[in-house]
Amino acid sequence: MARQRLQVLRDLDVPEGLEDADFDRLTRLAARLLDAPVSLLVVVGADREYFPSRFGTDMTSGPLGFAAHTIAETAPMLVPDALADDRFTALEAFRFYAGAPIAVNGERIGALCVLDHGPRPGIDEHRLDQLSDLAGVASSLFELKHEAGVRARTAAELIREEWRHALTLEAGQVGSWVWDVPTGAVTGNDIVRRMYGLDPVKQITADDFFAAIDEDHLDAVRAAVQATFDDGVDYVAEFRVKSGRWISSRGRVYQRNAKSEPLVMMGVSLDITEARRAADHTRHLLRELNHRVKNTLAMTQSLARQTLKQSDNAQEFIDAFSGRLRTLSDAHALLADHDWSGIGMAELVDSQVAPYSIADPGQVKVLGEDVELPPDHALGLGIVLHELASNAARFGALSSGEGTVRITWEVKDRELHLTWTESGGPRVPPERATGFGSRLIQRSLDKILGSSVSLDFAPEGVEAKVSFPLD
């Protein structure tokens, strides 16, 4: 059928100017065989003939003519004089024609032919048979070259796919491996070699992989591999290698012999070290948070009791207790921002004292090298600083424009020593010592072994000294 023939032509995708040395040899041989000035390899399209290989002419295509009739025959076609043949009276350029059909995949797609400008007597059957043989060679060449082209395109696509696969693995930092089980040889990409700390160049074996695994995890990995061999389940394992990295590995047996023994196992490996560290850190934070919540509840209960003892009425209790709860909340927020790893001394002082020096920030002088405080120390010291600052704002140095507060600290032998000194404010009456919340200040650091708080209510200004170990 014409549709099938045209589909074969589309599959072959033969250009007009093929410039193929093999086909050019055939057209030259055909011309010499019949001692003709012109020879063509013709491909017959739907409404035109194309000449991908030619000898003795520069024509690359023409209207349907001799070859269109040739493909309708199974044997070579001979036209001694076209002018004497009613089928070709319009073709005056060539009067002699001899051609044999070219068939590809069972469809006649064209012809190998010779032409002459003048008429010629008939030629013997032997030469026509040779022309037919040459056309058969042309048919085989078309099929072979098409198959070679398909293979080349397939190979190129496989190479591109392999590159895409390799780039995907590289981008995802995925190690891939193929294990030839009978020989023990393993082929792995560079990523998996780096994961296990293996030689980047030399041939590696399964024993090299097992030798890289930490002894504490080796038995479990071997058991997972054996289960894959024996039961056909997917190989899944998480383990640590001797370099300290954590690896998640998955695989499957893809080929077995007649006895169901494993031949080829393939798999991938992922470095999950950071994920394991993040999970451990999260568990640590949850334990830390649980501990802090318990401590905070205990501190809140203590604050409530202390505040209630010092308050004469409900409103005074609410005002004082709310301020102390805000202090705890602020300290917790700072610790949360730092993953409960601690708070810098300067940041804690600023958060607790700065709100009380809004009128004139210059009233508060801070001097000390920044140091990180552990969580419990930060919470306790935060309460102390809040209590000192709030009382200084109500009754002490920060209650007037002339007063100043000087906060200094230093670290000696991993022990922090802080001094709070007020001056220039109203004179401190003796009764302030009992209403100042001194017990709350002194007890805020009870949970820290080796801590101490001393208060001096001198008339010229309150002085507080705090010290505690940082470890």
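The present account deals with the structure reproduced in this document.

1. A word on the packing of aromatic side chains
All told, the structure shown has seven aromatic pairs when counted by the stated rule. When the ring of Phe23 is compared with that of Phe142, the centres are 4.6 Å apart and the planes differ by 40 degrees; the resulting orientation is tilted. Note that Phe23 is positioned in helix H2 (residues 21-33) and Phe142 in helix H4 (residues 125-171), a separation of 119 residues in sequence. Between Trp179 and Phe229, the aromatic rings sit 5.5 Å apart at their centres with planes inclined by 50 degrees, giving tilted as the arrangement. On the criterion of sequence distance, the pair formed by Trp179 in strand E7 (residues 174-180) and Phe229 in helix H7 (residues 215-231) is long-range, its members being 50 residues apart.

2. Regarding the packing of helix H10 (residues 345-353) against helix H11 (residues 375-394)
At a minimum axis separation of 9 Å, H10 and H11 run at an interaxial angle of 35 degrees. H10 and H11 meet at a crossing whose hand is right-handed. Contacts between H10 and H11 involve Met345, Leu348, Val349, Gln352 and Val353 from the former and Ala378, Leu381, Gly382, Leu385, His386 and Ala389 from the latter. Residues that form the contact of H10 with H11 fall into these classes: eight nonpolar, three polar and no charged.

3. Describing empty space enclosed by the protein
A complete count under the given rule lists two cavities of 30 Å³ or more for this structure. Put simply, the largest cavity is a space of about 160 Å³. What lines the largest cavity is a set of 13 residues, among which Trp177, Trp179, Phe209, Phe210 and Tyr235 lie closest to the centre. Sorting the residues of the lining of the largest cavity by element identifies E7, helix H6 (206-212) and H7 as the ones contributing at least two each. It is H6 that provides the largest number of residues to the lining of the largest cavity, a total of three residues. Classifying every residue of the lining of the largest cavity by side-chain character gives 12 nonpolar, one polar and no charged.

4. Examining H10
Those residues of H10 that fall on the buried side of the exposure criterion are Met345, Leu348, Val349, Gln352 and Val353. Down the axis of H10, the smallest arc covering the buried residues is 105 degrees, so these residues share one side.

5. Comments concerning the pattern of salt bridges
Taken as a whole and judged by the stated rule, the model has 12 salt bridges. In this structure, the salt-bridge partner of Arg240 is Asp216, at a minimum N-O distance of 4.0 Å. Residue Arg240 is found in strand E10 (residues 235-240), and its partner Asp216 is found in helix H7; the two are separated by 24 residues along the sequence. Look at Asp216 and you get exposed, because its relative accessible area is 67%. The salt bridge involving Arg252 is made with Asp234; its shortest N-O contact spans 2.8 Å. In this pair, Arg252 is assigned in strand E11 (residues 246-256) and Asp234 in the loop between H7 and E10, connecting sequence segments 18 residues apart. Classification of Arg252 by relative accessible area gives partly exposed; the value is 38%. Since its relative accessible area comes to 33%, Asp234 is described here as partly exposed.

6. Details of the pairing of strand E8 (residues 185-188)
Side-chain alternation along E8 places Val186 and Gly188 on a buried face and Ala185 and Thr187 on a face that remains uncovered. Bridge count for E7 against E8 is three bridges, and the pairing is antiparallel. If you follow Trp177 over to E8, its bridge partner there is Gly188. The antiparallel pairing of E7 with E8 creates a hairpin that spans four residues between the two strands, and Gly184 there sits at a positive phi of about 85 degrees. Relative to strand E9 (residues 204-205), E8 is paired through two bridges, and the arrangement is antiparallel. Residue pairing across strands places Ala185 opposite Thr205, the latter belonging to E9.

7. Side note on the sheet that holds strand E17 (residues 415-423)
Spatially, five strands are ordered E14-E16-E17-E19-E18 in an open sheet, and the strand pairing comes out mixed. Each edge of the open sheet carries a strand with a single partner, namely strand E14 (364-367) and strand E18 (452-458). In this sheet, neighbouring strand axes are inclined to one another by 10 degrees on average, regardless of whether the strands run parallel or antiparallel. Summarising the sheet, E18 and strand E19 (residues 461-469) pair through seven bridges and their orientation is antiparallel. If you follow Ala458 over to E19, its bridge partner there is Gly461. Sitting on the sheet, H10 is in contact with E14, strand E16 (404-412) and E17, with an inclination near 160 degrees to E16.

Parameters and conventions
- Note that residues are indexed from 1 along each chain, following the sequence as it is written.
- It should be noted that, the model being predicted, local features are given only for residues of pLDDT at least 70 and side-chain atom pairs only at 80 or more, the latter also being counted only at that level, while totals for whole chains, interfaces and linings use all residues.
- With hydrogens and water set aside, each side-chain value is computed from the structure's full complement of heavy atoms.
- Two aromatic rings, drawn from Phe, Tyr or Trp (for Trp, its six-membered ring), form a pair once their centres lie within 6.5 Å of each other, and the interplanar angle then sorts them: stacked below 30 degrees, edge-to-face above 60, tilted otherwise.
- Helix and strand definitions here come from DSSP, where helices need a minimum of 4 consecutive H or I residues and strands a minimum of 2 consecutive E residues; each element is numbered from the N-terminal end.
- Only the stretch in contact is used when fitting a helix axis, every axis being a line fitted to C-alpha atoms; angles between N-to-C directions are given from 0 to 180 degrees.
- By the definition used in this description, the sense in which the near helix is turned from the far one sets the handedness, with an anticlockwise turn below a right angle giving left-handed and a clockwise turn giving right-handed.
- In this analysis, two residues are considered to be in contact whenever any of their non-hydrogen atoms come within 4.5 Å of each other.
- The classification used treats Ala, Val, Leu, Ile, Met, Phe, Trp, Tyr, Cys and Pro as nonpolar, Asp, Glu, Lys and Arg as charged, and all other residues, Gly among them, as polar.
- With a 1 Å grid laid over protein atoms only, a set of points is called a cavity when a 1.4 Å probe fits there but cannot get out and a pocket when it is open yet has protein on both sides within 12 Å along at least five of seven lines; lining residues have an atom within 4 Å of a point.
- Grid points are joined across faces, edges and corners, and a volume is the space filled by probe spheres set on the points.
- Note on classification: 1.4 Å probe, protein chains only; a residue is buried when its accessible area is under 20% of the maximum for its type, exposed when over 50%, partly exposed between these limits.
- The arc refers to the directions leading from the helix axis to the C-beta atoms.
- For salt bridges, the criterion is a side-chain nitrogen of Lys or Arg within 4 Å of an Asp or Glu carboxyl oxygen.
- By this definition, two strands are paired if DSSP reports at least two bridges between them.

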